[in-house]
Amino acid sequence: MKPSLFYVSFILFIINSGIASATQVVVKDATGKKVLNNVPYHIGPVTVAKGGGFKLTNTMNNKKICPYNVVQDPSAANLGDTFMFTLNYKRPKYLHTEGVVGIDSGYPKTGPCQKSTFWTIPDAEAKAPDNLVTTGGGFEEDITCFQLVEYPKPTNPKVHSYMLQHCPSFCGSGPQTCFNVSLYVDNGVRRLASRGTPFEFVFHKVPK
Ligand SMILES: *[C@@H]1O[C@H](CO)[C@@H](O)[C@H](O)[C@H]1NC(C)=O
């Protein structure tokens, strides 16, 4: 074996094992159960005082939009829509932090707007509305590329909470950085955007 090839493989091995072992953690829902990969869940804030779950909306500033946008329901009683987080690489049974995750909004298959597919940030470096989370992109494109991260200082240490990062370069071209997905309040409507204090959220199993 040529020494140079050996060293390259060895270094790649170290890098790969470092990524795989150091940071990936299985994601848990609000009750502490492991969250299944590629299965619909509700997501919402850690405490009901902070409002309800997330859902799609077909309006912005009283105008109809297509693809739909992702917003937070103001009422704590509402769990919102369901969203399917998908880790494609090695298709693990459960979601884990770190690594590319696509978020499918279960777009309407019929009706006037059939474009609302994966969560998308059209331009993470731009200002609103271009840096808002919308839908409409394809799977694992730079604009639909996210990862889950454990929330650094959880509001309630007993509840597993997460933040979402948008990492365009993990899926293709785009800025070589990750953007924290944060809340952006626009005319009283709580939307998600690519900049600011990372938004802390939890997963809720879909009630049977
Ligand atoms: C993202 O949020 C984390 C945790 O609050 C923070 O440490 C980091 O600096 C933020 N990154 C950016 C690019 O704002």
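In this text, all values refer to a predicted model and were calculated from it rather than measured experimentally.

1. Focus: empty space enclosed by the protein
Here is step 1 of the chain: Inspection of the entire model under this criterion finds 1 cavity of 30 Å³ or more.
Here is step 2 of the chain: Considering the residues around the largest cavity, the lining is formed by Ile43, Phe85, Trp119, Leu164, Val181, Leu192, Phe199 and Phe201.
Here is step 3 of the chain: Taken together, the residues of the lining of the largest cavity break down into 8 nonpolar, no polar and no charged.

2. Comments concerning the pairing of strand β1 (residues 40-45)
Here is step 1 of the chain: Where burial is concerned, most of β1 is hidden: 5 out of the 6 residues are buried.
Here is step 2 of the chain: Looking at chain direction, β1 and strand β4 (residues 83-87) are connected through 2 bridges and run antiparallel. When the sheet's bridge partners are listed, Pro40 is paired in β4 with Met84.
Here is step 3 of the chain: Taken together, the 4 bridges between β1 and strand β13 (residues 201-204) define a ladder with antiparallel strand orientation. In the strand pairing of β13, Gly44 is matched with Val202.

3. Some remarks on the pairing of β4
Here is step 1 of the chain: Buried residues dominate β4, accounting for 4 of its 5 residues.
Here is step 2 of the chain: As judged from the 4 bridges shared by β4 and strand β5 (residues 101-104), these two strands associate in the antiparallel manner. Within β5, the position partnered with Leu87 by the bridge is Val101.

4. Concerning the nonpolar core
Here is step 1 of the chain: Of all hydrophobic cores here, the largest spans 29 residues; its most connected members are Phe85, Leu95, Trp119, Leu148, Leu164 and Phe203.
Here is step 2 of the chain: Counting only elements with at least two residues in this core, the list comes to β1, β2 (54-60), β3 (63-72), β4, β5, β8 (146-150), β9 (162-166) and β13.
Here is step 3 of the chain: Among the elements that line this core, the one with the most residues is β4, at 3 residues.
Here is step 4 of the chain: Apart from residues no more than four positions distant in its own chain, Leu95 is found in contact with Val25, Val26, Val27, Val35, Leu36, Asn37, Phe85, Leu87, Val101, Leu148 and Phe203.

Rules behind the numbers
- Residues numbered from 1 in each chain as written.
- Predicted model: local features only at pLDDT ≥ 70, side-chain atom pairs only at ≥ 80, totals over all residues.
- Heavy atoms only, no water.
- 1 Å grid on protein atoms, 1.4 Å probe; cavity = no way out; pocket = protein on both sides within 12 Å on 5 of 7 lines; lining within 4 Å.
- Points joined across faces, edges and corners; volume = space filled by probe spheres on them.
- Nonpolar A, V, L, I, M, F, W, Y, C, P; charged D, E, K, R; others polar.
- Buried < 20%, exposed > 50% of the residue type's maximum accessible area, 1.4 Å probe, protein only.
- Helix = DSSP H or I, 4+ residues; strand = E, 2+ residues; numbered from the N terminus.
- Pairing = 2+ DSSP bridges.
- Core = buried A, V, L, I, M, F, W, Y, C linked by side-chain atoms within 4.5 Å.
- Contact = heavy atoms within 4.5 Å.

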